[in-house]
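Overview (structure and organization)
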Amino acid sequence: MLWLITGLIFLTSGAAGLADEILWFRMLTTVFGASAPALAATTGAFMAGLAIGSVLGAKLRLSPRRAASVYALLECAIACTALLLPVVLKLLSDLPDLAGTAAEQPGLRAAVRFVAVFVLLLLPTGLMGATVPVMSMALPAVLRSAGRGFGWLYGMNTLGAVAGAAVTGFVLIPALGITGTIWLAASWNILAAAAAWFVLRPLLPRFPDAAGAVTGEPAALSAESGDGLQWGSLSLTTAIAAFAGGFVSLAAQHLWSRALVFSFDRLKNTTYSFSAVLAVCLAGMASGALCWTLMPPAAGRNRTARGWLMLLLGASIAVSVLLLLTLPKLRDEINPETLQVAFPQAVLQILVRTLLIAGLPTLLSGLLLPACVATVSNSPGREIGRIYAWNSLGSVLGAAAAPFVVVPTWGLFKGLLALSCVAAAVGCGLLLPRRWCVRAAALGGTAGLALLLAVPRLPAPDTLLPGEFVVRAIDGATASVSVIENQRGERRISVDDVPVAGTSLIMQTDQKSLAHWGMLLADQPRKALTVGFGSGGASASFLLHDELQSLDCVEISPEVPACADLLVDANQGLLQRQPVDPRYRIIFEDARAYLRGVSDTYDVIVSDCTDLRYRSSANLYDREYFELCRQASTESGCTVIWMPLGGLSRTAFLMTLRTFASVFPDMHVYYLHNRWTHYVLLAGRRSPWKFPVQRVEQMLLEEDVRKDLALIGFTNSCRIAATLLTTAPAMADLLREGPLNTEETPLLEFLVPRADTGPDAAQRNLNLLRARSVSITGFLPRDLPADERDRYSRFSLAARRILAAQEAERRTDVENATLEYLAAQKLTPEDELLNATLGFPEIQAAAEGGNPTAWLLLAQSFRLQQRLPEARAAIDRYTSKLAELRQSPDSPHRQHLLQAEAWEATAAAWQNEINAALGK
């Protein structure tokens, strides 16, 4: 009966503890940021608090019944501190920070962060750590066999943590919000306290049995098989095993969570994948601890069991590396009607993949701690507390070493091999006699080091298309960054397998538009801030403006600028120049944390996100972040946000627009129509805005700026003005009612991963904006001459035609696309870019690449444009390509022969028509 009651109490407590941990991490991230030092400080402070709490709890001398009372009080205290922490964080967030010194004194900022987080978490985590030894003092009967009893308690506690991680990460936060989830988790603590006080306490004796000794065990530590080495009241080998197990396990979990994102599909690096991976790792540890309860009482009383467990842990980690490198990449299904990810299947694939890779190592890790506790003979509460403290201390160092030592030194996969060698070396030392253990560990470590030196560095397996190759790959503390080149010589930089910037036209448009549109939307731009370095393109474009006096770039990952030398086509050698432009500085920091404490104000703030699916990216689209941008902006300044069209359901897309408009009621939305793109720009100001005709004309007179804009097809002010698509007032009916994305209700990060990231979803959201488009004429200066006003109006109307043409072109409806482009050209015959657009460069590239259908599509367009000689030449190429396909059975374009008969008839009819028109 005691086993069942205590198991349920620890199950409830574990669920509350993990829910609190997830919530605290989220809240601390909003204040201190999501950079590697901030996350390491949070993790280290959390584990350090557990260690200190377990040591202090072990010093108590309590009878069983009194221990149950103290445990209940501890659970109540945890609930109270969990409820008070958000209030303290709110007060702390209003105090001045060291953001202004982030560039000059990053070490000081990191140290202050750790101290602040440590102080904040010391009390609640210390209370959590104390619950383990205190409950152990209450249960001398359950802990009659210390290893099995602790395995039951630890296993049930960890099993509760699995439930807490899953339900918090998947259900509670989006359903109840942060505050609601905090209160629910606190109620679980209260429930555990009530069960301990009212149910468990009456069943316990008032006085300990034989002064708390674990009866039925050999005396003292003689079970350590003659090991006379002591560390305090513990054997040295027990302390080493507990410490090494915590170090290797937590470090490996960090590397697994980083490496697994390369094998997931739509849910990679999302809050769902994080919760699923965490739940599987905890489930493995819970299974291991519970399995120990099936062991005979004598199991683990000598260090051989711990040695084999460490050796097997090392071997299983090495096997996990092999599986990571060989298992095929997952592919998630998309519902073609709703454009939503098949969510249950996607989550199941993550769970199964993680279980295959990390299941066995985490199970062995779960077995290790009860194996260490099995050595306890006297005063189980005190001894268990010390063992738990050593394990927590190892976890602290593992959490710090993984991102800052292991990954930068060896990378993700080779780093896992390094941890495998550490575990194997400790295992060898524990298996051999005491006089050989140090030599064995040294020999094992030397052999492992030699193996690591022999194995080449293994880069992360980025998703590559045919003909692509990795130019450079860097595994850093924050992310894995790679530069990839395709067959056309274009390069892109990817962060954790997600493209963020590059040298292609669409990515160049992305980067240049942020800089140039940010400069034209501010009245007197002298000081600018760009969030995200990417390929350096936005920074380089900003610095082309002579009026700009300073430019700060906030980048969370130092590995991204380290690849700038491979992307000079985008950044114009920005960081390779000597000296670097004195107006420019890079601040390695989380943007949210920087803006929260910065004392400066900026005339221009532009924010470029990588992917909204990322857990740390979605909080750059909540109301509080937009408010931070507004507060850091000057009265006549502007904030420009890169906003993806794809990967967002209609609900999520409108919620993001509504959230931005709640801070900037006169929000303007811009779409660069030089080609079909997957994003818009959201612009907001404190003061009203009119299109600055004279300023734009002067900007275009700057040779460097004009050349830069010419690369993306915007060389006159009318075409630039025509990128205005809609405004918040024009969308009032859509934005009037509905939820906002906030710190309290972070809905976006839970909605985005469920939506398709493809072009269909992007087009659907773009059409939503097009239906409420506005003309630029309402934002022109009143004194603008009538002929100039008419010219701007024509370009604005032509832009709408271009958008319709791009939609048709994306559907391969070349006929309607051509007609729409021709209509736009009739409105603005002076627009030189339309001539190039009517050549359909993407279809032309496909045709040159061997696609015969592309030649037929070009012929269709040329007919409508009355470019008859070019149409006839395209038909001839189509006919000759079909003939080549019939002779090439291995061609990748053979599928075009399936409908060749119908197409050939069409081509022949067109050819006769063209010949007749040409008189031949």
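Every value quoted in this text rests on a predicted model; they were computed, and no experiment measured them.

Regarding its fold elements, the protein chain presents 31 helices and 14 strands. Relative to its full complement of 920 residues, the protein chain shows a buried share of 59%. Considering only intrachain contacts with a sequence separation of at least 6, the fraction spanning at least 24 residues in the protein chain is 78%. Total accessible area on the protein chain stands at roughly 35000 Å², and carbon and sulfur atoms take up 62% of it.

Attention now goes to helix H30 (residues 868-886). Taking 1.5 Å of rise per residue, 19 residues should cover 27 Å, and H30 covers 27 Å from first to last C-alpha, within 8% of that figure. Taken residue by residue, H30 has Leu868, Ala871, Arg872, Ala874, Ile875, Tyr878, Lys881, Leu882 and Leu885 as its buried positions.

Our next topic: the pairing of strand S11 (residues 633-644). With respect to burial, S11 is a largely interior element, ten of its twelve residues being buried. Sheet analysis places strand S10 (residues 602-607) next to S11, joined by five bridges and oriented parallel. Considered in S11, the bridge of Tyr602 is made with Ser633.

Okay, empty space enclosed by the protein next. Enumeration according to the criterion identifies four cavities of 30 Å³ or more in this entry. Here the largest cavity is characterised by a volume of approximately 70 Å³. Sorting the residues of the lining of the largest cavity by element identifies strand S6 (498-502) and helix H12 (505-521) as the ones contributing at least two each. Looking at the lining of the largest cavity element by element, the count peaks at four residues for H12. Across the lining of the largest cavity, the residue classes tally to six nonpolar, five polar and two charged. When its volume is computed, the second largest cavity comes out at roughly 40 Å³. Ser249, Ala252, Gln253, Trp256, Met285, Leu313, Ile317, Pro361, Thr362 and Ser365 are the residues that line the second largest cavity.

Chain-level statistics for the protein chain give a pLDDT mean of 85 and a share of 88% at 70 or above. Within the protein chain, strand S1 (residues 230-231) has the poorest average pLDDT of any element, 48, and strand S12 (residues 668-670) the best, 97. Long-range and interchain partners of residues 98-103, a stretch whose pLDDT sits below 50, account for 14 contacts in this model, where long-range means more than four residues apart. Note on residues 210-232: pLDDT under 50 across the span, and 54 contacts to partners over four residues away in sequence or across chains.

With that settled, the discussion passes to the sheet that holds strand S5 (residues 491-495). Within a beta sheet, neighbouring strands are joined by backbone hydrogen bonds and run either parallel or antiparallel to one another. As summarised here, the arrangement of the four strands in space is S3-S4-S5-S6, forming an open sheet in which the pairing is antiparallel. Whereas interior strands pair on both sides, the edge strands pair on one side only; in this sheet they are strand S3 (469-475) and S6. Across this sheet, the average inter-strand angle for adjacent strands is 25°, counted without regard to direction. Where S5 lies against S6, four bridges are found, and the strand directions are antiparallel. Across the sheet, Arg492 pairs through a bridge with Gly502, a residue of S6. The strands touched by H12 are S5 and S6; relative to S6, the strand with the most contacts, the crossing angle is about 70°.

The subject of this paragraph is a nonpolar patch on the surface. Together, Leu73, Trp197, Phe198 and Val199 make up a nonpolar patch on the protein surface, roughly 420 Å² of accessible area in all. For the nonpolar patch, the leading source of residues is helix H5 (residues 146-200), giving three residues. By the element assignment, Val199 lies in helix H5. Since its relative accessible area comes to 41%, Val199 is described here as partly exposed.

A separate point is the sheet that holds strand S7 (residues 527-531). The sheet built from eight strands is open, its strands ordered S9-S8-S7-S10-S11-S13-S12-S14 with mixed pairing. Looking at the sheet topology across the chains shown, the edges are occupied by strand S9 (584-588) and strand S14 (724-727). Across this sheet, the average inter-strand angle for adjacent strands is 20°, counted without regard to direction. The pairing of S12 with strand S13 (residues 679-685) spans three bridges and is classified as antiparallel. Bridging across to S13, Val669 finds its partner in Leu682. The strands that H12 touches are S10, S11, S12 and S13; relative to S13, the one it contacts most, it runs at about 20°. The strands touched by helix H17 (residues 623-631) within the sheet are S7, S10, S11 and S13, with S11 carrying the most contacts at an inclination of about 145°.

Turning to the environment of Thr478, a few remarks are in order. In this fold, Thr478 is placed in the loop between S3 and strand S4 (480-485). Given a relative accessible area of 23%, Thr478 falls into the partly exposed group. Note: C-alpha distance between Thr478 and Pro403 (75 residues apart in sequence) is 7.1 Å. When residues no more than four places from it in sequence are discounted, the contact partners of Thr478 are Ala36, Arg258, Ile556, Ser557 and Glu559.

With that settled, consider the packing of aromatic side chains. Counted by the stated rule, this structure contains 20 aromatic pairs. Taking 6.2 Å as the distance between ring centres and 55° as the angle between the ring planes, the aromatic pair formed by Tyr625 and Phe626 counts as tilted. On the basis of an interplanar angle of 35° and a centroid distance of 6.4 Å, the ring pair of Trp689 and Phe779 is categorised as tilted. With Trp689 in the loop between S13 and helix H19 (693-701) and Phe779 in the loop between helix H24 (759-770) and helix H25 (786-810), this pair connects stretches of sequence that are 90 residues apart. An identical accessibility class is assigned to Trp689 and Phe779; each is buried. Put simply, the rings of Tyr621, Tyr625, Phe626, Phe660 and Phe664 touch in pairs and so form one group of aromatic residues. Here the basic side chain of Arg719 rests over the ring of Phe714, its NZ or CZ set 5.4 Å away from the ring centre. Sitting over the face of the ring of Phe343, Arg754 holds its NZ or CZ atom 3.7 Å from the ring centroid.

With an omega of 0°, the peptide bond running from Gln578 to Pro579 counts as cis. The residue Pro579 is located in the loop between helix H14 (568-571) and S9 in this model. One non-glycine residue, Asn269, adopts positive backbone phi at about 55°. With respect to the element layout, Asn269 can be found in the loop between helix H6 (236-260) and helix H7 (271-292). We classify Asn269 as buried; its relative accessible area is 17%. Notably, Asp497 is not glycine yet its phi reads approximately 70°, a positive angle. Along the chain, Asp497 falls in the loop between S5 and S6. By relative accessible area, Asp497 is classed as buried at 8%.

What counts, and at which threshold
- Here the residue numbering is sequential within each chain, running from 1 through the sequence in written order.
- Local features in this predicted model are restricted to residues of pLDDT 70 or higher, and side-chain atom pairs are both shown and tallied only at a pLDDT of 80 or more, whereas totals for entire chains, interfaces and linings draw on every residue.
- With hydrogens and water stripped out, all remaining heavy atoms of the structure feed into the side-chain values.
- The numbering of helices and of strands both runs from the N terminus, where a helix is a DSSP run of H or I of at least 4 residues and a strand a run of E of at least 2.
- Any residue under 20% of the maximum accessible area for its type is buried, any over 50% is exposed, and the rest in between are partly exposed; the area is computed with a 1.4 Å probe on protein chains only.
- Residues count as neighbours in contact if any of their non-hydrogen atoms are within 4.5 Å of one another.
- Computed with the Shrake-Rupley method and a 1.4 Å probe, the accessible areas treat only the protein chains shown as cover for residues.
- By this rule the span expected of a helix is its residue count minus one, scaled by 1.5 Å.
- Here the rule is simple: two strands pair whenever DSSP picks up at least two bridges between them.
- In this analysis the probe radius is 1.4 Å and the grid spacing 1 Å, with only protein atoms considered; a cavity is a set of points the probe fits into but cannot get out of, a pocket is an open set with protein on both sides within 12 Å along at least five of seven lines, and lining residues have an atom within 4 Å of a point.
- Grid points are joined across faces, edges and corners, and a volume is the space filled by probe spheres set on the points.
- For this classification, the nonpolar set comprises Ala, Val, Leu, Ile, Met, Phe, Trp, Tyr, Cys and Pro, the charged set comprises Asp, Glu, Lys and Arg, and every other residue, Gly included, is treated as polar.
- Known as pLDDT, the predictor's per-residue confidence is scaled from 0 to 100.
- Interaxial angle, 0 to 180 degrees, is taken between N-to-C directions of lines fitted to C-alpha atoms, where a helix line uses only the stretch in contact.
- Residues enter patches when their relative accessible area tops 30% and they take part in no salt bridge; the joining distance is 9 Å for like charges and 5 Å for the nonpolar side chains Val, Leu, Ile, Met, Phe, Trp and Tyr.
- The term salt bridge refers to a side-chain nitrogen of Lys or Arg lying within 4 Å of a carboxyl oxygen of Asp or Glu.
- Pairing of aromatic side chains here covers Phe, Tyr and the six-membered ring of Trp, requires ring centres within 6.5 Å, and sorts the geometry by plane angle: under 30 degrees stacked, over 60 edge-to-face, intermediate tilted.
- Counting as a charge over the ring demands two things of the Lys NZ or Arg CZ atom: a distance within 6 Å of the ring centre and an angle within 35 degrees of the ring normal.

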